[in-house]
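# Fold and contact review
Residue-level listing of the chains:
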Amino acid sequence: MSAATALAPALPPRRSRLGLIVALLAPIALINAIGFLAPVLNLARMSFYEVEPTGAMREVYTLATWAKMVTDSFYAELIVNSVSVSLGITLLTLVCSYPIALYLHRSTGTWKTILLVLVISPLLTSAVVRTYGWIAILSDSGLVNNSLGALGLPPQRMMFNLTGVTIGLTEILMPYMILALLAGFGRLDPRIEEAASTLGAPPFTIFRRIILPLTLPGIALGCLLCFVLAVSSFITPKLLGGGRVFLLATEIYDQAIVTLNWPLAATLSILVLVIFGGALVLYTRALRAIL
Amino acid sequence: MDERPVSLTLKILAGVMFAFLLAPLIVVLPISFSGDAFMTFPPTSWSLKWYPAIFANSKMTAAFWTSLVLATVVTTISLAIALPAAYALVRLKPAGAEVLSSLFTAPLLLPTIVLGLAILIVFARLGLLATFPGLVLAHLVVTLPYALRVLTTALATLPIAVEEAASTLGASPFTVFRRITLPMMKSGLIGTTALCFLVSFDEVVLSIFMTGPRISTLPVAMYHHVEQQADPLVAALSVLLVVLSLVVVLVVDRTSGLAKTFVK
């Protein structure tokens with residue numbers, strides 16, 4: 001029984017009902033239009049605007065900015081670099097998150113709640129705070145280098161390079177991966193593992209032949225989510241990369257705020273969306289192959 | 001569910017990864033009690049000076065108040081806008097309700113860096129950059145989808161029989177909503193409030209595009225501070241913020257169950 005028919009006697013006639021729906025949805029539609037639809041459509045248009053050599057923008061349509069993406073090798077490299085770094089970080093995040101997710105899936109009761117709070121609490125802490133924590137660990141006078149010094153080992157450069165960005169982003173993305181993995185672990189039935197174990201399979205074989213295949217949907221979802229977040233994150237690459245690591249997201253920010261080349265920033269943003277689309281297509285294909 | 005033995009290998013691996021996950025949050029605590037002028041870990045001396053230093057820093061205190069007022073205003077408006085919308089979509093079921101709700105939650109699919117740039121360009125023309133109303137509007141773009149999603153789920157899972165009974169007994173739709181639906185949605189409302197507040201209070205990327213020398217939010221002020229000098233001031237501030245999020249999480253857990261609110 002639907003709500004509409006059940007409540008029908010108490011509801012006003014059709015015409016004013018439509019009016020009520022419009023009135024209730026108008027505010028959210030208005031904010032969606034001003035803050036989302038109009039800006040995004042405008043962004044697509046902006047990528048075709050002309051930029052004069054002085055840096056001034058003119059409302060004349062041109063393909064110059066898009067042509068730059070193809071001809072200027074800096075941007076080709078930037079795209080390849082962003083995608084490969086994000087892929088690497090996604091894989092690393094998966095490897096680090098999998099044991100936690102599996103352990104969480106197997107624990108029960110209060111212990112499980114405590115562990116879940118521990119996984120979610122970093123998510124509720126600003127990326128700025130967590131990146132700051134990584135600066136404390138990775139900087140020249142940080143935990144790692146002071147420990148190396150105490151052991152009489154030479155200091156390592158762990159910040160303002162790709163190493164720092166990779167470590168920091170991996171940790172920042174882990175909660176998302178863990179939650180995605182957990183959501184996909186529903187098919188994992190302990191009885192199948194027990195059966196395999198009873199039949200004499202060693203633990204690693206059980207993992208490789210039973211646990212891993214059954215958790216592939218969760219893995220695919222987590223990887224999609226983390227890849228997308230890695231490509232678009234910029235707080236951590238900016239602070240831990242110190243302007244020496246060039247990624248799409250940091251370049252968008254620099255072009256938008258520092259250089260004020262909005263058509264270029266808009267074009268790079270649309271490229272990010274194209275990469276997202278590609279990731280989504282790959283994900284659906286992978287999912288079809290798994291299931 | 002039956003208790004299953006967890007292998008030692010998995011226990012050790014999970015333990016190591018948990019340590020990695022929590023490391024940046026844990027190191028912040030000792031640093032906040034550092035007596036050094038610069039950040040070193042472990043600190044060479046100890047003091048409590050960085051906590052009062054936060055309150056002496058006018059930039060940080062101004063940014064804190066901006067963030068607090070902003071998050072409160074954004075949360076209030078989010079509830080006021082998303083609750084009627086959720087009611088219309090779930091209970092009145094207009095044609096195309098599904099299309100509408102995916103349109104209204106679409107901003108969450110867009111990376112915030114792209115959304116931030118898109119909003120920057122339009123708001124610059126409207127003169128909304130670095131203004132409080134501009135910040136409110138930008139935050140609403142991301143809090144409303146969360147609010148709508150949690151509230152529609154809360155409404156859709158409510159047993160409709162009670163509402164039907166009240167309605168049959170002659171209560172007007174508004175009375176049914178106020179006296180029956182709203183009290184039964186309590187946990188959904190608390191979850192929405194907490195979520196909107198935390199999302200707005202922690203939002204950095206959109207805010208970084210929308211703030212300027214005249215107005216800044218706390219995460220943005222912290223970002224710019226860390227960019228220039230990573231001193232223990234931010235550690236002390238971080239500890240206060242972590243405590244604040246923990247309080248919110250505990251309140252939500254006590255009132256509506258953490259797992260229910262954050263994990264579907």
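Residues numbered from 1 in each chain as written. Chains lettered and ligands numbered in written order. Predicted model: local features only at pLDDT ≥ 70, side-chain atom pairs only at ≥ 80, totals over all residues.

## Some remarks on the interface of chain A and chain B
Contact with chain A, which involves 75 residues of that partner, is made by 79 residues of chain B. For the side of chain A that touches chain B, the element with the highest residue contribution is helix H2 (residues 14-46) of chain A, accounting for 18 residues. Across the side of chain A that touches chain B, the residue classes break down as 56 nonpolar, 15 polar and 4 charged. (Contact = placed C-beta atoms within 7 Å. Helix = DSSP H or I, 4+ residues; strand = E, 2+ residues; numbered from the N terminus. Nonpolar A, V, L, I, M, F, W, Y, C, P; charged D, E, K, R; others polar.)

## Brief notes about unusual backbone geometry
In this chain, Phe41 of chain B is followed by Pro42 of chain B through a cis amide linkage whose omega measures -5 degrees. Mapped onto the elements, Pro42 of chain B comes out in the loop between helix H1 (8-32) and helix H2 (50-56). Phi at Phe160 of chain A is positive, roughly 60 degrees, even though this residue is not glycine. Structurally, Phe160 of chain A can be placed in the loop between helix H7 (143-150) and helix H8 (162-184).

## Let's talk about the packing of helix H3 (residues 58-91) of chain B against helix H6 (residues 132-156) of chain B
Residues and elements named next belong to chain B. Across the interface, H3 lies against H6 with an axial gap of 7 Å and an inter-helix angle of 40 degrees. Between H3 and H6, the angle is such that the two are oblique. For the pair H3 and H6, the crossing hand works out as right-handed. Tallied by class, residues from the contact of H3 with H6 come to 22 nonpolar, 4 polar and 1 charged. (Axes fitted to C-alpha atoms, helices over the stretch in contact; angles between N-to-C directions. Parallel < 35°, antiparallel > 145°, perpendicular 65-115°, else oblique. Left-handed = near helix turned anticlockwise from the far one by under 90°.)

## Describing the domain arrangement of chain A
Residue and element names in this part refer to chain A. Entries for chain A in the domain assignment read domain 1 (15-61) and domain 2 (66-290). Centre-to-centre, using C-alpha coordinates, domain 1 lies 32 Å away from domain 2. Contacts between the two partners involve 8 residues from domain 1, matched on the other side by 9 residues from domain 2. Residue assignment for the side of domain 1 that touches domain 2 shows that the elements contributing at least two residues are H2 and strand E1 (49-51). Examining the composition of the side of domain 1 that touches domain 2, we find that 3 residues originate from one element, H2, more than from any other. (Domains from an automatic or database assignment.)

## A few points about the nonpolar core
If you look at the biggest cluster of nonpolar residues, it comprises 153 residues, and the most contacted ones within it are Ala136 of chain A together with Ala82, Ala85 and Leu117 of chain B. Ranked by residue count, the leading element in this core is H3 of chain B, at 15 residues. Two domains each donate at least three residues to this core, and these are domain 1 (15-61) and domain 2 (66-290) of chain A. (Core = buried A, V, L, I, M, F, W, Y, C linked by C-beta atoms within 7 Å. Buried ≥ 20, exposed ≤ 12 C-beta atoms within 10 Å, placed from the backbone.)

## Details of helix H14 (residues 262-290) of chain A
Relative to the 42 Å expected for 29 residues at 1.5 Å per residue, H14 of chain A spans 42 Å between its end C-alpha atoms, a close match to the ideal helical length. Within H14 of chain A the residues assigned to the buried category are Trp262, Pro263, Leu264, Ala265, Ala266, Thr267, Leu268, Ser269, Leu271, Val272 and Ile275 of chain A. (Expected span 1.5 Å × (residues − 1).)

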